[in-house]
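Descriptive structure summary
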Amino acid sequence: MKHRQISQFSRESSQNSEPLDRWSRPCACIQDGGAEDSPSLPASSQSCQGDSFFPRLLWHLREKWKLHGLFEISSEHEHYDLICMIKAGLRDAIQVSVDHPSRQPLKEEDFTSVVTQPHEGFEMTTMAGPVFAHFRRFLGLEEKDYQNSLSSSHCFLQFISNSKSKANFFLTNDKRFFLKTQDKWEVQFLLSKLALYINHLHEYPHSLLVKFMGIHSIKVAREKKKYFIIMQSIFYPDNRITERFDIKGCRVSRWTEPLPEDSHIIMVLKDLNFEGRTISLGSQRNWFIKQMELDTTFLRNLNVLDYSLLVAFQKLHLDEKQPRKNVLSRIAKSKAYNLAAHNCRLLPDVPNALHTLDGPEHRYFIGIIDFFTIYNLRKRIEFLWKSILHPGGSFSTVHPTRYASRLCQWVEAHTV
C-alpha cells in the first residue's frame, strides 16, 4: 500500500524531529502551484478514476481495525476523490473573499448568507462566508495564506482517533487546519449561535474556544450532501508534542490504554491517564483559571455539555526559557486593549499563540472543542439512566451548569 502513516512523536528535540517537508508529497488532485494555478477539476477527476479498487478496500479494512494516527490521503485512499473536490471547491469559495474583501461592519444578512458554486460533478456551498472572512481577518489570518493551506498541491491527512465520534477528521498538509464532517443539525446549531460566538471572541480575544474558520457543504452527483466545518488545529505546530489529552472533568469511561513508549502512533489520552500530572503555569495560572470560567460560562449559557479541554505537553528548550526580547511584537499580537476588562494576556511570539501557554519547563497547547451537544430531553433521560448505572460516579452527561463548574474545578486542581 502506497499511503503512509505519519510518525508524529519526537521525544527529544526539534533536531530529532522529522521535518514537515518529508511528508509534503505532491497530491495529484491539485497540480503544482496550489491555489495560484487554479487548475480545472476535470483533470483531477481523471487522475482519480484510475485508482485500483483493492488498495481502497484494504484502506477501508484498516480503518475498521481502528488504527490510530495520521495517514496520507494519496490516490489509494478511499476519501481521495472527495478531498480532490473539497480542495477545488474551497479554492474557489475563498477566492470570493480574496477578490471582494469587505471592511464594513457585519450585517444581519451576513449570518444567513448562503453561496453555492457549481463545479463539474459537485457543488460547494459556503454558509455565512462574510462572517468567517471577517473573523479570519480579526485573527490576523491572510485570505491568501488560508486559501493556499486548504488548496495546497500536497496531500491532505486523515486523523483517526480513539474518539467515539463517527465524524471524519481531515488535516491540511501543514497541519494548521482541521476539516471535520458534521451532521446537518450540528451545522444548523452552530449557525444559530454564530453571532454569540463571534461576540464572545470579540469580547475576549484570547478565549480558549476553538477558532472556527468556515462552514461548508459539498454535494457530489448521486450522493448525499456532506457538511463540514473548518477550524484551527489547537495542537499546531505539533512536531515536538509528547503527550495529548482530552479532558472532560469526569471519570467514568475516561481511560485510554497507553501505547508502548517507542510507538509513533498518535494517541489522545483521557482524564484518568492524567492522574499524577500537573499543568505548571506559574504566573499565568490565574489568567488560565479566569478564562476557563469565562468560556465555560458562555457554553453554559448555550445549554451545551460534553465539550472537551484539549491539553498537550511540549518540553521547552533552554533558549525558549529565556525572557523574550521582542516585547513590542508580543504586545501587537496580543490586541492588548483594556487588559483587565477583556482578560487579555501577553501572548507568546509563536505560531498559534492564542492556544499556547508557556510555563517554567513546558509549553502547553490548550483549547476547548466539540461544544455541539445540547442538553435536551434525550440527554436528561441519559443522565437518569447513567445515574442508575453509575451511582455516585462521575460521568459526562450532567446539566450544563454542573458540567461547566466541574471542568473549572478540574483545572484548579491540576494547575500550579
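Use the structure listed above.
Scope of this entry: the structure provided in the associated data block. (Residues numbered from 1 in each chain as written. Predicted model: local features only at pLDDT ≥ 70, side-chain atom pairs only at ≥ 80, totals over all residues. Heavy atoms only, no water.)

**What about unusual backbone geometry?**
For clarity, the cut-off: Numbered from the N terminus, helices here are DSSP runs of H or I no shorter than four residues, and strands are runs of E no shorter than two. Type-normalised accessible area, obtained with a 1.4 Å probe on protein chains alone, sets the label of each residue: buried when under 20%, exposed when over 50%, and partly exposed for intermediate values.
Geometrically, the link from Y236 to P237 is a cis peptide bond, its omega value of -10° lying close to zero. One can find P237 in the loop between β9 (226-232) and β10 (243-247). Unusually for a residue other than glycine, N343 sits at a positive phi of about 50°. Considering the arrangement of structural elements, one finds N343 in the loop between α11 (339-342) and β14 (356-358). Despite not being glycine, D370 shows a phi value in the positive range, around 60°. One can find D370 in the loop between β15 (362-369) and β16 (373-374). What makes D370 partly exposed here is its relative accessible area of 27%.

**What to know about the packing of aromatic side chains**
Stated formally: Only Phe, Tyr and Trp rings take part, Trp by its six-membered ring, and two of them pair if their centres are within 6.5 Å. Stacked means planes under 30 degrees apart, edge-to-face means over 60, and tilted covers everything else. Either the NZ atom of lysine or the CZ atom of arginine qualifies as a charge over a ring when it sits within 6 Å of the ring centre and within 35 degrees of the ring normal.
A complete count under the given rule lists 17 aromatic pairs for this structure. For the pair F245 and F313, a centre-to-centre distance of 5.9 Å together with 70° between the ring planes defines the contact as edge-to-face. Here F245, found in strand β10, pairs with F313, found in strand β13 (residues 308-315); they are 68 residues apart in sequence, far enough to count as distant. For the pair F245 and F313, one class covers both residues: buried. Seen from their ring centres, Y307 and Y403 are 4.7 Å apart, and the 65° between their planes marks the pair as edge-to-face. On the criterion of sequence distance, the pair formed by Y307 in the loop between β12 (304-305) and β13 and Y403 in helix α13 (residues 400-413) is long-range, its members being 96 residues apart. Considered together, Y307 and Y403 belong to a single accessibility category, that of buried residues. Taken together, the ring pairs connect F135, F138, Y197, F212, F371 and F372 into an aromatic cluster. The ring of W287 is capped by R345, whose NZ or CZ atom sits 4.5 Å from the centre of that ring.

**A closer look at the nonpolar core**
What counts, and what does not: Working definition of a nonpolar core: buried Ala, Val, Leu, Ile, Met, Phe, Trp, Tyr and Cys residues. They are joined through side-chain atoms within 4.5 Å. For the purposes of this description, domain bounds are those given by an automatic or database domain assignment. The contact criterion used throughout is that any non-hydrogen atoms of two residues lie within 4.5 Å.
In terms of nonpolar packing, the biggest core is built from 96 residues, with Y197, F212, F288, L309 and F371 touching the most fellow members. Of all the elements, helix α3 (residues 80-99) adds the most residues to this core, at nine residues. Two domains each put at least three residues into this core: domain 1 (68-233) and domain 2 (237-322 + 353-415). Filtering out sequence-adjacent residues up to four positions away, L309 remains in contact with F245, D246, I247, F288, M292, I366, G367, I368, L407, W410 and V411.

**A closer look at helix α7 (residues 184-192)**
Operational definition: The arc in question is formed by the directions pointing from the helix axis toward the C-beta atoms.
Where α7 is concerned, the buried positions are E186, V187, F189 and L190. All buried residues of α7 lie within an arc of 160° about the axis, which places them on one face of the element.

**Focus on the environment of H206**
Inclusion rule: A 3.5 Å cut-off defines polar contacts: any pair of N or O atoms within that distance qualifies, except that in protein one atom must be a possible hydrogen donor and the other a possible acceptor, and neighbouring residues in sequence count only when both atoms are side-chain atoms.
Position of H206 relative to the elements: it lies in the loop between α8 (194-203) and β8 (212-220). For H206, a relative accessible area of 1% puts it in the buried group. Sequence separation of H206 and N343 is 137 residues, and the distance between their C-alpha atoms is 7.4 Å. Within the structure, the side chain of H206 is placed 3.0 Å from the backbone nitrogen of R345, a separation counted as a polar contact.

**Considering helix α9 (residues 285-301)**
Formally: Multiplying 1.5 Å by the residue count of a helix minus one yields the expected span of that helix.
With 17 residues, α9 should reach 24 Å at 1.5 Å per residue; the first-to-last C-alpha distance of 24 Å fits that figure. On the buried face of α9, the contacting elements are α8, β12, β13, β14, β15 and α13. Phi for N303, located one or two positions after α9, is positive at around 65°.

**Remarks on the sheet that holds β15**
What counts is decided by this rule: Any two strands with at least two DSSP bridges between them are considered paired. Between N-to-C directions, angles cover 0 to 180 degrees, with each direction set by a line fitted to C-alpha atoms, over the stretch in contact for helices.
An order of β11-β10-β13-β15-β14 is seen for the five strands of this open sheet, with the pairing classed as mixed. In this open sheet, the two edge strands, each paired with only one partner strand, are β11 (268-269) and β14. Here α9 sits on the sheet in contact with β13, β14 and β15, set at roughly 10° to β15.

**Thoughts on the side chain of H79**
Relative to the elements of secondary structure, H79 occurs in the loop between β2 (69-72) and α3. When near neighbours in sequence (up to four residues on either side) are disregarded, H79 contacts I73, Q158, N168 and F170.

**Section: a nonpolar patch on the surface**
To be explicit about the condition: Patch membership requires more than 30% relative accessible area and the absence of a salt bridge. Residues of like charge join within 9 Å; the nonpolar side chains Val, Leu, Ile, Met, Phe, Trp and Tyr join within 5 Å. Exposure was quantified through the Shrake-Rupley algorithm and a 1.4 Å probe, taking into account, for residues, occlusion by the shown protein chains and nothing else. Salt bridges are counted wherever a side-chain nitrogen of Lys or Arg sits within 4 Å of a carboxyl oxygen of Asp or Glu.
There is a patch of nonpolar side chains on the surface, built from W385, I388 and L389 and spanning about 370 Å² of accessible area. By secondary structure assignment, the location of L389 is in helix α12 (residues 377-389).

**Some remarks on the pattern of salt bridges**
Counting across every chain of the model gives 18 salt bridges. Notably, a salt bridge pairs R277 with E243, separated by 2.6 Å at the nearest N-O pair. Pair noted here: R277 is in the loop between β11 and α9 and E243 is in strand β10, with a separation of 34 residues, a long-range link. Judged by relative accessible area, which is 28%, R277 ranks as partly exposed.

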